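Residue-level structure breakdown
The residues making up each chain are set out below.
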Amino acid sequence: MILLERLRNLRVDHDITQTQLAGEFHISQKTYSKYETGQRQIPIELLISLAQYYHVSVDYLLGLTDNPKPYPPHAKK
């Protein structure tokens, strides 16, 4: 699955361990490992946070595009 590959590749490319990343998001390493291996579904809030953390779009993480560039933020009304 593209999402799982991209999450792992981004983490490895940034030289971050699962334990370090789990600490950033206040979850256990075991829980993060299950997200990365597909044993547990990633909550949408965490998916958004991971995209922001890595400065990529959620569409990129999900494999809907190969362009990792994030979208510009919405203008506040």
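Residues numbered from 1 in each chain as written. Predicted model: local features only at pLDDT ≥ 70, side-chain atom pairs only at ≥ 80, totals over all residues. Heavy atoms only, no water.

Helix and strand counts for the protein come out as 5 helices and 0 strands. Relative to its length of 77 residues, the protein is compact, with a C-alpha radius of gyration of 13 Å against a globular reference of 11 Å. Long-range pairs, those at least 24 residues apart, make up 46% of the contacts in the protein between residues at least 6 apart in sequence. For the protein, the exposed area adds up to about 5600 Å²; of that, 52% sits on carbon and sulfur atoms. (Helix = DSSP H or I, 4+ residues; strand = E, 2+ residues; numbered from the N terminus. Rg over C-alpha atoms; globule rule 2.2 N^0.38 Å. Contact = heavy atoms within 4.5 Å. Areas by Shrake-Rupley, 256 points an atom, 1.4 Å probe, with all protein chains shown as cover.)

Attention now goes to helix α1 (residues 2-13). Taking 1.5 Å per residue as the helical rise, α1 with its 12 residues ought to reach 16 Å, and the 16 Å between its terminal C-alpha atoms agrees with that figure. Among all positions in α1, only Leu 3, Leu 4, Arg 6, Leu 7, Leu 10 and Arg 11 are buried. Looking straight down α1, one finds that the buried residues subtend no more than 170° of arc, so they occupy a single side. Exposed and facing more than 90 degrees away from the buried side of α1 are Glu 5 and Asp 13. Taken together, the buried residues of α1 touch α2 (18-24), α3 (29-37), α4 (44-54) and α5 (58-62). At the exit of α1 stands Asp 15, carrying a positive phi of roughly 55°. (Expected span 1.5 Å × (residues − 1). Buried < 20%, exposed > 50% of the residue type's maximum accessible area, 1.4 Å probe, protein only. Arc of directions from axis to C-beta.)

Let us look at the confidence of the model for the protein. Per-chain confidence: the protein averages 93 in pLDDT, with 97% of residues scoring 70 or above. Confidence scores differ between elements of the protein, with α5 showing the lowest mean pLDDT of 95 and α2 the highest of 97. (pLDDT = per-residue confidence, 0-100.)

On to the pattern of salt bridges, then. Using the criterion set out here, one finds 2 salt bridges in the structure. In this structure, Glu 36 and Arg 11 form a salt bridge, with 2.8 Å as the shortest nitrogen-oxygen distance. With Glu 36 in helix α3 and Arg 11 in helix α1, the pair connects residues that are 25 residues apart, well separated along the chain. For Arg 11, a relative accessible area of 9% gives the class buried. (Salt bridge = Lys/Arg side-chain N within 4 Å of Asp/Glu carboxyl O.)

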